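Residue strings, one per chain:
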Amino acid sequence: MLFDVIDSSTDQLVGFLMLLAATAIFVYYTVWTFVLPFLDDDKCIQKFFLPREYAIKIPVVLLIIGVTLIGVFISSVLIKTTNKKKKGKKQN
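Residues numbered from 1 in each chain as written. Predicted model: local features only at pLDDT ≥ 70, side-chain atom pairs only at ≥ 80, totals over all residues. Heavy atoms only, no water.

Peer 1: Help me understand the overall build of the chain, please; the structure alone is not making it clear to me.
Peer 2: Of regular secondary structure, the chain possesses 2 helices and 0 strands. Against the 2.2 N^0.38 benchmark of 12 Å for 92 residues, the chain shows a C-alpha radius of gyration of 23 Å, more extended than a compact globule. Here the C-alpha coordinates of the chain stretch approximately 75 × 40 × 15 Å along the principal axes. Out of the 92 residues belonging to the chain, those deemed buried represent 5%. Approximately 8400 Å² of the chain is accessible, and the part contributed by carbon and sulfur atoms is 73%. Charge centroids of the chain, computed over 11 positive and 7 negative side chains, lie 24 Å from each other. (Helix = DSSP H or I, 4+ residues; strand = E, 2+ residues; numbered from the N terminus. Rg over C-alpha atoms; globule rule 2.2 N^0.38 Å. Buried < 20%, exposed > 50% of the residue type's maximum accessible area, 1.4 Å probe, protein only. Areas by Shrake-Rupley, 256 points an atom, 1.4 Å probe, with all protein chains shown as cover. Lys, Arg positive; Asp, Glu negative; His and termini not counted. Charge placed at Lys NZ, Arg CZ, Asp CG, Glu CD.)

Peer 1: So what exactly am I meant to see when it comes to the environment of Trp32 here?
Peer 2: Within the secondary structure layout, Trp32 lies in helix 1 (residues 2-35). Residue Trp32 is classed as buried on the basis of its relative accessible area of 5%. For the pair Trp32 and Thr10, spaced 22 residues apart in the sequence, the C-alpha separation amounts to 33 Å. Trp32 has contacts with Pro37, Phe49, Leu50, Pro51, Arg52, Tyr54, Ala55 and Ile58, leaving out every residue within four places of it along the chain. (Contact = heavy atoms within 4.5 Å.)

Take a look at the structure:
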């Protein structure tokens, strides 16, 4: 019973931290792409952000990595499933 409460509170804390991180990244990226182009380059807020070309490069690289990882995962699951079916047929 005690472990259920601890597990639940840990899950809620992890979920809250993930939500907080996602919100911070969203706000940072939104300001970077939608607000900064309208501000002068000599404003002090400009030093907290990367150059604008990275606003496209970083999401593209992350998307490529994500799609690659999903493809590797699906491929490994299909290979394991095929190997299990072959082993099952050999035993019969």
